[in-house]
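# Breakdown of the fold
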Amino acid sequence: MKIIAAEVFVTSPTRNFVTLRITTEDGVTGIGDATLNGRELAVAAYLKEHVAQLLIGKDPHRIEDTWQFLYRSSYWRRGPVTMAAIAAVDMALWDIKGKVAGLPVYQLLGGASRNGLRAYGHASGADIPSLFDSVREHLELGYKSIRIQTAIPGIKAVYGVAAQAQASGERYDYEPAGRGAFPQEEDWDTRAYLRHLPTVFEAVRNEFGPEIPLLHDGHHRMTPIQAAKLGKALEPYDLFWLEDCTPAENQEGLRLVRQHTTTPLAIGEIFNTVYDFQTLIKEQLIDYVRAASTHFGGISPLKKVMDFAAQYQIKSGFHGPTDISPVGFAAQLHVGLAIHNYGIQEYMQHSDKTNTVFEQSMTFTDGYLHPGDKPGLGVEFNEEAANSFPYQQAYLPYNRLVDGTVHDW
Ligand SMILES: O=C(O)C(=O)C[C@H](O)[C@H](O)CO
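What you see is a predicted model, and the numbers here were worked out from it, not measured in a lab.

## With respect to empty space enclosed by the protein
If you walk through the whole model with that rule in mind, you get one cavity of 30 Å³ or more. Of the pockets and cavities examined, the largest cavity occupies roughly 60 Å³. Taken together, the residues of the lining of the largest cavity break down into six nonpolar, five polar and two charged.

In structure tokens form, the structure reads like this:
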């Protein structure tokens, strides 16, 4: 069997997505996600200009060989653009292999290790009452684990806080990328955040009790000593994890955080390769791997990093915001179902328009996700619907401190 076409689609049903479709001479198609929020066209060009023609004539079954060829033959390695492009090829080839075999991808990865995948949802609020409404809404939707993000007094816009109150009946609407030709500026004050956050978790525990697993995302904003202080301050509230507490580039910084707190740590949504996790896993500086199939080179390396992590009792917590398309999301559900060291899956739910472009067979029942049993990834790409939503320029915001210094967003 040979590959005869590799096409790239950029579509924007409420947000931008980049999708690769590979077709074989027998007419089997496979799809992959190459979405990089705010930099979509760079990956689309990488795929169109540098990768597509290299795939023509190749045997789609040779997934590992194709991955290694794309990674090593470019000489220039890693980085989110390259790795998102390779990820799309990898996913599309697993999709094809599954369709040819008549099996869902998780069966090709070793079969199911569990019945369903525990998910966490995002609750947020501009104040405590609206946060409580949001938590209740998520509990009603079936979520059994909940991420808590709130506004901070004195700060205008904070990462992770939905614009609409959940009590309004609107679906959770948080999308950080703003459409337009320039990124929005936001403000930040770490000391105000460190003072406020423990009071929020205290209120949530008092209202909802000790049982429910609670998570929080620091979004790379603290120094190691600030993160250590926060981890310690949150210990009485028994977090499932504290995510991205420090800038991801400083892996050694997590040693200091670890020395001071037993709050579990998760990191890795902006990592691209297993090498980014080498120190963190070997030294057991984290508890959860936050990689996403789409930004990590696809299904093949995600499975490898989790097998490495398993030796150290480190579990998965794959990145799953809506900028991972339904294709990338399905890819990591298949990995999550197959691996032994599954932890939890972030699940934000895509918009109805997105679901017209990507028809998903995955299910979310009583707090648990399942990729479904259709052959391949289980996602159908509707080209006509995709073409009706043209690309719109969008940027993630950035932060400045009160004195004007640019800060991690
Ligand atoms: O879901 C999370 O934990 C995130 O941090 C989401 C990111 O802000 C988002 O993927 C940026 O595009």
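## Some remarks on the pairing of strand β5 (residues 145-150)
Regular strands place their side chains on alternate faces of the sheet. Counting buried positions along β5 yields six of six residues, so the element is predominantly enclosed. Burial along β5 is two-sided: Ser145, Arg147 and Gln149 and Ile146, Ile148 and Thr150, pointing in opposite directions, are all buried. For strand β4 (residues 117-125) and β5, the ladder comprises six bridges, and the chain directions are parallel. Residue pairing in the sheet places Ala123 in a bridge with Ile148 of β5. The parallel pair β4 and β5 is bridged by helix α5 (residues 128-141), and the resulting crossover is right-handed. Looking at chain direction, β5 and strand β8 (residues 214-217) are connected through two bridges and run parallel.

## Quick word on the site of the ligand
Near the ligand you find 14 residues, and of these Asn37, Tyr159, His219, Glu269 and Glu346 are the closest. One nitrogen or oxygen atom from the side chain of Tyr159 is found 3.0 Å from an oxygen atom belonging to the ligand. With respect to the ligand, the side chain of Asp217 contributes an N or O atom lying 3.0 Å from an oxygen atom. Protein contact buries 93% of the 330 Å² of open area that the ligand shows by itself. Mapping the ligand onto the cavity grids shows that it belongs to the largest pocket. Class assignment of the residues belonging to the shell around the ligand gives a composition of four nonpolar, three polar and seven charged.

## What to know about the nonpolar core
Membership of the largest hydrophobic core comes to 116 residues, with the highest contact counts inside it found for Ile22, Leu47, Ile148, Phe277 and Val289. Top contributing element to this core by residue count: helix α3 (residues 80-101), with twelve residues. When sequence neighbours within four positions are dropped, the list of residues in contact with Phe277 reads Gln251, Ile267, Gly268, Phe271, Ile286, Val289, Arg290, Ala291, Phe296, Val305 and Phe308. Listed in part, the seven residues of the second largest apolar core include Tyr120, Leu215, Trp241 and Ala266.

## Focus on unusual backbone geometry
Unusually for a residue other than glycine, Thr14 sits at a positive phi of about 75°. Within the secondary structure layout, Thr14 lies in the loop between β1 (3-11) and β2 (17-24). Relative accessible area serves as the criterion here: at 44%, Thr14 is assigned to the partly exposed category. The phi torsion at His220 lies on the positive side, around 65°, for a residue other than glycine. Checked against the element boundaries, His220 lands in the loop between β8 and α7 (224-234). Residue His220 is classed as buried on the basis of its relative accessible area of 9%.

## So, the sheet that holds strand β3 (residues 29-33)
The sheet built from three strands is open, its strands ordered β1-β2-β3 with antiparallel pairing. Bordering the open sheet on either side are β1 and β3, each of which pairs with just one other strand. Ignoring strand direction, the axes of neighbouring strands in this sheet form an average angle of 20°. Where β2 lies against β3, five bridges are found, and the strand directions are antiparallel. When the bridges of β3 are listed, Leu20 appears paired with Gly32.

## Some remarks on the confidence of the model for the protein chain
Scored by pLDDT, the protein chain comes out at a mean of 96, with 98% of its residues at no less than 70. Within the protein chain, the element-level pLDDT minimum falls on strand β6 (residues 178-179), averaging 91, and the maximum on β3, averaging 99.

Conventions adopted
Residues numbered from 1 in each chain as written. Predicted model: local features only at pLDDT ≥ 70, side-chain atom pairs only at ≥ 80, totals over all residues. Heavy atoms only, no water. 1 Å grid on protein atoms, 1.4 Å probe; cavity = no way out; pocket = protein on both sides within 12 Å on 5 of 7 lines; lining within 4 Å. Points joined across faces, edges and corners; volume = space filled by probe spheres on them. Nonpolar A, V, L, I, M, F, W, Y, C, P; charged D, E, K, R; others polar. Buried < 20%, exposed > 50% of the residue type's maximum accessible area, 1.4 Å probe, protein only. Helix = DSSP H or I, 4+ residues; strand = E, 2+ residues; numbered from the N terminus. Pairing = 2+ DSSP bridges. Right-handed = clockwise from strand over helix to strand, strands pointing away. Near = heavy atom within 4 Å. Polar contact = N/O pair within 3.5 Å; in protein donor to acceptor, adjacent residues only side chain to side chain. Areas by Shrake-Rupley, 256 points an atom, 1.4 Å probe, with all protein chains shown as cover. Sits in = over half its atoms within 2 Å of the grid points. Core = buried A, V, L, I, M, F, W, Y, C linked by side-chain atoms within 4.5 Å. Contact = heavy atoms within 4.5 Å. Axes fitted to C-alpha atoms, helices over the stretch in contact; angles between N-to-C directions. pLDDT = per-residue confidence, 0-100.

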